[in-house]
Structures are given as C-alpha cells and as structure tokens.
2 protein chains.
Amino acid sequence: MARAALSREAVVDLAVRIVDEDGPAALTLSAVAARAGVATPSLYKHVRNLADLRELLSARVLGEMADHVGAAVLGRSGDEALRALMDAWRSYVTRHPGRYATVIQAPVAATVEPGKRLVDIGLAALRAYGLTGSEAIHAVRCLRAAAHGFSVLETAGGFGLPEKLDDTYELMFHMIVSGLRAPR
Amino acid sequence: MARAALSREAVVDLAVRIVDEDGPAALTLSAVAARAGVATPSLYKHVRNLADLRELLSARVLGEMADHVGAAVLGRSGDEALRALMDAWRSYVTRHPGRYATVIQAPVAATVEPGKRLVDIGLAALRAYGLTGSEAIHAVRCLRAAAHGFSVLETAGGFGLPEKLDDTYELMFHMIVSGLRAPR
DNA sequence: GCTAGAAAGCTAATGCTATTAGCCGCAGGC
DNA sequence: GCCTGCGGCTAATAGCATTAGCTTTCTAGC
C-alpha cells in the first residue's frame, strides 16, 4: 500500500466532525477534502461519491446510536428498560443534533443493519410487557416514532412555546406505558 | 405592469409540482425556471433566492396541512376529533410525501404562523379531554410528535418488515388515548 | 537491493448550480 | 406622446461534484 494517510474510515470521521460542527448542509466533498488537507478528487479513492459518503455516515451514526441505546437498556427490564431506551435515544440526539439530522435524510440502503439492531434492542426493552410476535413489532415501531417525533420537536425548537420539553417528554412516556398496559 | 406571466405565487405553485413529482432534492431554481419557460435569473424578480423559495414552499405546505387537518376536526369532539386529526395528518403526508419532506428540512422562520394554527387545531381537538393550560400544550406536542414520527416511518418504508402499518397506527392511537385518559 | 505494480495522491477539464450586474422592451399613468 | 418601472433577458462569476489521466511512493516478491 502507498501512504495510508487517509482511509474510508478516516473520511467518515471527518464527515462526522463536519456535521457536528456545521450541520448536515455543510457536508460537501470540498469541506471534507479541506479538513483532510487533500485535493477534492482524491477523496474518490476512498468513497464512491457524495451520496456514498452520506450513506456511510448514516450507517456510522445509526450504529453509534444502537451502541448507545443498547448499552443503556442492558441489564434493565420493564418500565426501567423502556425509560432507559427513550432517555438514551433522546440524549444521543440532543448531544449530536447534526449527526441525527444526517440520518433523517438518508437513503435506507446502508442503514438496514444498524436499524435491525435497534429493533432488536427495542424488542428486548419490551420483553417484560408480554407482547407476542407482531404485537411487539408494532410496539417497537411506536417507540421509534415517538422517539423520532420528539427528537425533531426538540432539536427544531418545538414551536417556541415556553412550556418545558421535559414535561412533554414525561407525558409522551406516560402515553406509551399506558398504551402498553391498557388492554385493547 | 408588464406581462404578469409569472408571480411569487406562481413560482411557489411550480415548486410544489416539482417536489410532488421529483422529490425535494429536485427543487432547484433551474428546474423551476425550466417549467416556467423562463431564464433562471428571471426568478429573482419574484423570489429572493433558493432559500427564500424553500421557506415560501414550507409555509404553503404547512398552511395546506392546517387547512386539511382543520377541516377534518371541524364539528367533531372527543376521541372522534382526535382520530380525525391524526387520520388527516397521515393522509396528507401519504398523498403528498414530497411536500411533507420539504417542510421537515425547512427553516423555522416562515412556518410559525401555520404552525400556530396547527397548535390551535390540536387544542380544539383535545378540548373534550379537560386539559388545562400547559397540560394541553404538552398533549398537542405529543400529538405532533406521534403524527410526525409515524409519517416519517411510513414514507421512509418502516424498516421493511411485513407487519401492516395500519396496525401500528392503531396501537399508536391507542397509546395516545390511554395516556390522555389514565391519571398521572 | 531491485523492480513491478498498485495505491493514493495530483492537475485539468466539464458541467451543473446559484447568484449578481447590467441591459431592453413593453404597459400604464401623466 | 412621453416617461417610468416591472419583468424579462444575456453575460459573467464562483462553488460544487465528478471524470480522465498523470505522477509519486510505498510494498511485495524476487
């Protein structure tokens, strides 16, 4: 191999920093090249094109989220596990809004693997609720929808009303738990 | 006035058609100009720049959504009103995924007015639940988070699992109603 | 130690995009 | 009938992604 100054992984690292610092709109190959101290076309030796980089970045971020959320749920069960899952999701998005925004507008292709992991983590968190098969899948989807919807609300500024988002979060969590407990 | 072939409104009309047909990424001033049968710089007579057009488009779409959702809720109350609100939100997004995707990645500035209207509609839909002041705001936020989260799930393909999204939707609605009824 | 080849960089060039500057013609008010 | 401004135009600039083809440099095999 020639000078291994750059690599596929290193390029994604730089992309992460860019979306962290300047938001997803700032993710251009020029910006990455500038940070790498390299001419723009050189990046094509590591990445197919900009769309490819975006996919790799999404996969990376979703993988990180799965790690973070998975670690939080580990060793807990019942309401506590559910709480840990939602809290972890929220805290990841709060800490890395730029990364999360990238994933949202991502193509689905590269994110299926970490996506499945997140589904499994959700299923594990819900184990104590005694949901079977499809019912569990629907519940996990609701968790995902709630977590995502709330995250967008929080990072977008939530209509700018003075009410505390923490309280909204509590209500949402209450809705989820009530819905899981109450018979249909 | 000279030939009023084009106008601010007409430009936004064309933008709507573009995101409908080719998605939000296809919204460029070139594309709009091509549809208008006009040179690209001519658009600057009607619109400040691309960002401005995106803002106008977001405002338009969110206004449409408020109309659609508002009409659905009108004359209903209780669970029925809530149901109508969520159904209308979902159906709008399903019918116009491109428009909705545009709003998501919008700046907040131009969307505050229709956003407030949507909040008011939500408050009206929840009137029968006897929520006071801040509690009602939190509930509306939860509705918005749920509707948005589910919409993204639905338009993005929802992990590709075989379970019917209609059933997920029912569970989510059940969660909301349970949470609103059950005491905290 | 030498050399062949590939990996990883480079420059040049193309084409698309937004955006600005400045020009021209027509319509309506005086 | 003239003047003004609106709404179009062309030309030009600059940033971006992407491709082609060249060069350098390291490494592996001998």
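Residues numbered from 1 in each chain as written. Chains lettered and ligands numbered in written order. Predicted model: local features only at pLDDT ≥ 70, side-chain atom pairs only at ≥ 80, totals over all residues. Heavy atoms only, no water.

A.B. asks: What's the story with helix α7 (residues 133-156) of chain A in this structure? I'm lost.
C.D. replies: Every α-helix winds through 3.6 residues per turn, so residues three or four apart in the chain are directed the same way. Residue and element names in this part refer to chain A. Taking 1.5 Å of rise per residue, the 24 residues of α7 would be expected to cover 34 Å, and the 35 Å separating its terminal C-alpha atoms lies within 8% of that figure. The buried count for α7 comes to 17 of 24 residues, which makes it a mostly enclosed element. Positive backbone phi, approximately 105 degrees, marks G157, located one or two places after α7. (Helix = DSSP H or I, 4+ residues; strand = E, 2+ residues; numbered from the N terminus. Expected span 1.5 Å × (residues − 1). Buried < 20%, exposed > 50% of the residue type's maximum accessible area, 1.4 Å probe, protein only.)

A.B. asks: Any chance you could explain the packing of aromatic side chains here in plain terms?
C.D. replies: Enumeration according to the criterion identifies four aromatic pairs over all chains in this entry. Plain terms: the ring middles of A:W89 and A:Y100 are 6.4 Å apart, the flat faces sit at 75 degrees to each other, and that makes the pair edge-to-face. Of this pair, A:W89 sits in helix α4 (residues 78-95) while A:Y100 sits in helix α5 (residues 97-104), and the two are eleven residues apart along the sequence. By relative accessible area, which is 9% here, A:W89 ends up buried. A:Y100 gets classed as buried once you look at its relative accessible area, which sits at 5%. The interplanar angle of 55 degrees and the centroid separation of 5.3 Å between the aromatic rings of A:F150 and A:Y169 together place this pair among those described as tilted. One end of the pair, A:F150, is in helix α7; the other, A:Y169, is in helix α8 (residues 165-181), and 19 residues separate them in sequence. When the ring centre of B:F173 is taken as origin, the NZ or CZ atom of B:R83, which lies over that ring, is 4.9 Å away. Across from the ring centre of B:Y169, 4.6 Å away, lies the NZ or CZ of B:R90, which sits over that ring. (Phe/Tyr/Trp six-rings, centres within 6.5 Å; stacked < 30°, edge-to-face > 60°. Lys NZ or Arg CZ within 6 Å of the ring centre and 35° of its normal.)

A.B. asks: How should I be thinking about the relation of the copies chain B and chain A in this particular structure?
C.D. replies: To go from the first copy of the chain to the second, apply a rotation about an axis and then a shift along the same axis. For the pair chain B and chain A, the relating rotation is 180 degrees, the translation along its axis is 0.1 Å, and the fit reaches an RMSD of 0.0 Å. Within this description, the copies of the chain are treated as partners about a two-fold rotation axis. Among all C-alpha atoms of chain B, that of B:G149 lies closest to the rotation axis, at 2.1 Å. Mapped onto chain A, 100% of the interface residues of chain B again fall at the interface, so both copies present the same surface. (Least-squares fit on C-alpha atoms with pLDDT ≥ 70 in both. Contact = heavy atoms within 4.5 Å.)

A.B. asks: Quick question: what am I supposed to make of the state of the cysteines here?
C.D. replies: Simply put, the disulfide is a covalent bond whose two ends are the sulfur atoms of two cysteines. One pass over the full model with this rule turns up zero disulfides over all chains. Unpaired in this structure, A:C142 has its nearest cysteine sulfur neighbour in B:C142, at a distance of 13 Å. Taking relative accessible area as the criterion, B:C142 reaches 3% and is therefore assigned buried. (Disulfide = S-S within 2.5 Å.)

A.B. asks: Mind showing me how you'd approach the nonpolar core here?
C.D. replies: Inside soluble globular proteins, nonpolar side chains tend to come together where they are buried. Formed by 113 residues in total, the largest nonpolar core has its most connected members in A:L53, A:L82, A:M86, B:L53, B:L82 and B:M86. With ten residues, α7(A) is the largest single contributor of residues to this core. (Core = buried A, V, L, I, M, F, W, Y, C linked by side-chain atoms within 4.5 Å.)

A.B. asks: Would you mind showing me how to read the domain arrangement of chain A here?
C.D. replies: Much of the literature gives interface size as the accessible area that the parts lose upon coming together. Residues and elements named next belong to chain A. Taken as a whole, chain A is organised into domain 1 (1-47) and domain 2 (62-181). Taking only C-alpha atoms, the centre of domain 1 and the centre of domain 2 are 30 Å apart. Between domain 1 and domain 2, the residue contacts involve four residues of the former and six residues of the latter. Taking both partners together, domain 1 and domain 2 bury about 400 Å²; carbon and sulfur atoms supply 59% of that area. The interface formed by domain 1 and domain 2 includes one salt bridge. The shortest N-O distance in the salt bridge between D20 and R99 comes to 2.6 Å. Looking at side-chain class alone, the side of domain 1 that touches domain 2 contains three nonpolar, no polar and one charged residues. (Domains from an automatic or database assignment. Buried area = accessible area lost by both parts, 1.4 Å probe. Salt bridge = Lys/Arg side-chain N within 4 Å of Asp/Glu carboxyl O. Nonpolar A, V, L, I, M, F, W, Y, C, P; charged D, E, K, R; others polar.)

A.B. asks: Even after reading the chapter, I still don't get the protein's contact with DNA strand C, so can you show me in this structure?
C.D. replies: In the vicinity of DNA strand C lie 20 residues, with A:A39, A:S42, A:K45, A:H46 and B:L29 positioned nearest. Restricting attention to atoms of DNA strand C within 4 Å of the protein, one finds that 63% of them are sugar or phosphate atoms. In the environment of DNA strand C, a phosphate oxygen lies 2.4 Å from a nitrogen or oxygen atom belonging to the side chain of A:S42. Here a phosphate oxygen of DNA strand C and a backbone polar atom of B:L50 are 2.9 Å apart. Considered class by class, the residues forming the surface near DNA strand C number twelve nonpolar, six polar and two charged. (Near = heavy atom within 4 Å. Polar contact = N/O pair within 3.5 Å; in protein donor to acceptor, adjacent residues only side chain to side chain.)

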